[in-house]
Amino acid sequence: MSAAPERVVVLISGRGSNMRTLIERSHDPAMGYQVAGVISDQAQAAGLEVAADLGVPARALAPGKGAPRTEYDDKLAAAIDEYAPSLVALAGFMRILSPPFVARYPGRILNIHPSLLPKYPGLDTHRRVLEAHERQHGATVHFVTDELDGGPLIIQGRIQVEADDDAASLEARVHVLEHRIYPLAVRWYCTGRLRYGAGRAWLDGKALADPVQYDGIEVH
Ligand code: GRF
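Residue numbering note: each chain is counted from 1, following its sequence as written. Totals for whole chains, interfaces and linings use all residues, but because this is a predicted model, local features are given only for residues with pLDDT of at least 70 and pairs of side-chain atoms are given and counted only at 80 or more. Neither water nor hydrogens contribute to the side-chain values; these are computed over all heavy atoms in the structure.

A.B. asks: Sorry if this is basic, but what is going on with the site of the ligand here?
C.D. replies: Around the ligand, the surrounding shell consists of Arg15, Gly16, Ser17, Asn18, Gly92, Ile112, His113, Pro114, His175 and Glu178. Polar contact is defined as a pair of N or O atoms within 3.5 Å, subject to the rule that within protein one atom must be able to donate a hydrogen and the other to accept it, and that residues adjacent in sequence are counted only when both atoms are side-chain atoms. Note that an oxygen atom of the ligand is positioned 2.5 Å from one of the side-chain N or O atoms of Ser17. One of the side-chain nitrogen or oxygen atoms of Glu178 is found 2.7 Å away from an oxygen atom of the ligand. Accessible areas in this description were obtained via Shrake-Rupley with a 1.4 Å probe; residue shielding takes into account the shown protein chains only. Coverage of the ligand by the protein chains reaches 86% of its 370 Å² of free accessible surface. A helix here means a DSSP run of H or I that spans at least four residues, while a strand means a run of E at least two residues long, and both kinds are numbered starting from the N terminus. Listed by contribution, the elements that provide at least two residues to the shell around the ligand are α1 (17–26), β5 (109–113) and α6 (167–190). Residues of the shell around the ligand, tallied by class, amount to 2 nonpolar, 6 polar and 2 charged. Near, as used in this document, describes a residue that has one of its heavy atoms within 4 Å of the molecule or strand being considered. Think of it as three bins: nonpolar holds Ala, Val, Leu, Ile, Met, Phe, Trp, Tyr, Cys and Pro, charged holds Asp, Glu, Lys and Arg, and polar takes everything else, Gly as well.

Rendered as structure tokens:
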């Protein structure tokens, strides 16, 4: 690929294993992107050091106590815009973003969520999946809209829930899938194959009626 890589900003709150994978995979020029910066809303997020060790500018931007959400979101947007990204990738970013923030980046924010959306939006997905005796679980990459975990779905990876699974074992297997599907979705976006339009995700010019199902084969 000869075109300059698209710039991606990754937002984190914690350990940043998806962020790490996004950075590591970006070293392959075929992915079409570079991680221009990492921002955490938590000063102590382990992922900040991981990003810095990988040579990516990383900074904490902690919300002031009691400050209105929109005030933080304005600061966050200003920090993001310094990197002039094409795409913002949420990777374990634990804040709900305000509608004005989302509107600043129309169709340009992706998120990864640890469930087979639209099932189990929100927190504690692994425990809730076990309590509901689900037989399948997984992870989903989707576009971010004003609806929490509700934007158009792009790609999903699935696992079987086994009788001896607990929340930790589910989380570990779901993470493996996350590290496969998130770089793929970012690649699709940054090579111009994936777009958001009319409330849908479009891949290769076709609106996705259902998310792409990742089958373990690295599709390009
Ligand atoms: C992942 O499970 C992701 O789906 C969710 O938050 C977690 C982040 O994990 N949104 P990590 O920080 O990337 O390891």
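A.B. asks: Could you clarify how one ought to interpret unusual backbone geometry in this entry?
C.D. replies: Most of the time, phi is negative for any residue but glycine, and the peptide bond is trans. In this model, Leu117 is joined to Pro118 through a cis peptide bond whose omega is 10 degrees. Mapped onto the elements of the fold, Pro118 is located in the loop between β5 and α5 (125–131). One non-glycine residue, Tyr120, adopts positive backbone phi at about 55 degrees. Think of it in three bands: with a 1.4 Å probe and only protein chains considered, a residue is buried below 20% of the maximum accessible area for its type, exposed above 50%, and partly exposed in between. Take Tyr120: its relative accessible area is 16%, and that puts it in the buried class. Unusually for a residue other than glycine, Asp124 sits at a positive phi of about 60 degrees. Secondary-structure assignment places Asp124 in the loop between β5 and α5.

A.B. asks: Got a minute to help me understand the sheet that holds strand β6 (residues 136–143) in this structure?
C.D. replies: By definition, the strands of a sheet pair up through backbone hydrogen bonds, in either a parallel or an antiparallel sense. An order of β3-β2-β1-β4-β5-β6-β7-β11 is seen for the 8 strands of this open sheet, with the pairing classed as mixed. The open sheet is flanked by β3 (58–60) and β11 (212–214), the only strands paired with a single partner. Averaged over all pairs of adjacent strands, the angle between their axes in this sheet comes to 20 degrees, without regard to strand direction. Note that β5 and β6 share 4 bridges and pair antiparallel. What sits directly across from Ile112, in β6, is Val141. Whether two residues are in contact is decided by their heavy atoms, any of which lying within 4.5 Å being enough. The angle between two axes is taken between their N-to-C directions and runs from 0 to 180 degrees, where each axis is a line fitted to C-alpha atoms and a helix contributes only its stretch in contact. Running over the sheet, helix α2 (residues 46–53) touches β1 (6–12), β2 (33–40) and β3 and is turned about 155 degrees from β3. Two strands form a pair only when DSSP identifies at least two bridges running between them.

A.B. asks: Would you mind going over the sheet that holds strand β10 (residues 206–207) with me for this structure?
C.D. replies: One open sheet holds the 3 strands; their spatial order is β8-β9-β10, and the pairing between them is antiparallel. What marks the edges here is a single partner per strand, and that holds for β8 (194–197) and β10. Bridge analysis of strand β9 (residues 200–203) against β10 gives 2 bridges, and the strand direction is antiparallel. Bridge pairing in β10 links Leu203 to Lys206.

A.B. asks: So what exactly am I meant to see when it comes to the nonpolar core here?
C.D. replies: If you look at soluble globular proteins, the nonpolar side chains tend to sit buried side by side. In plain words, nonpolar cores are sets of buried Ala, Val, Leu, Ile, Met, Phe, Trp, Tyr and Cys residues tied together by side-chain atoms within 4.5 Å. Grouped together as the largest cluster of nonpolar side chains are 45 residues, with contacts concentrated most on Val10 and Ile154. A total of 11 residues in this core trace back to one element, the largest contributor, which is α6. Among residues more than four places away in sequence, those in contact with Ile154 are Leu110, Val141, His142, Phe143, Ala185, Trp188, Leu194, Ala201, Leu208, Pro211 and Val212. Counting 20 residues, the second largest nonpolar core, distinct from the first, contains Leu61, Leu97, Val102 and Tyr105.

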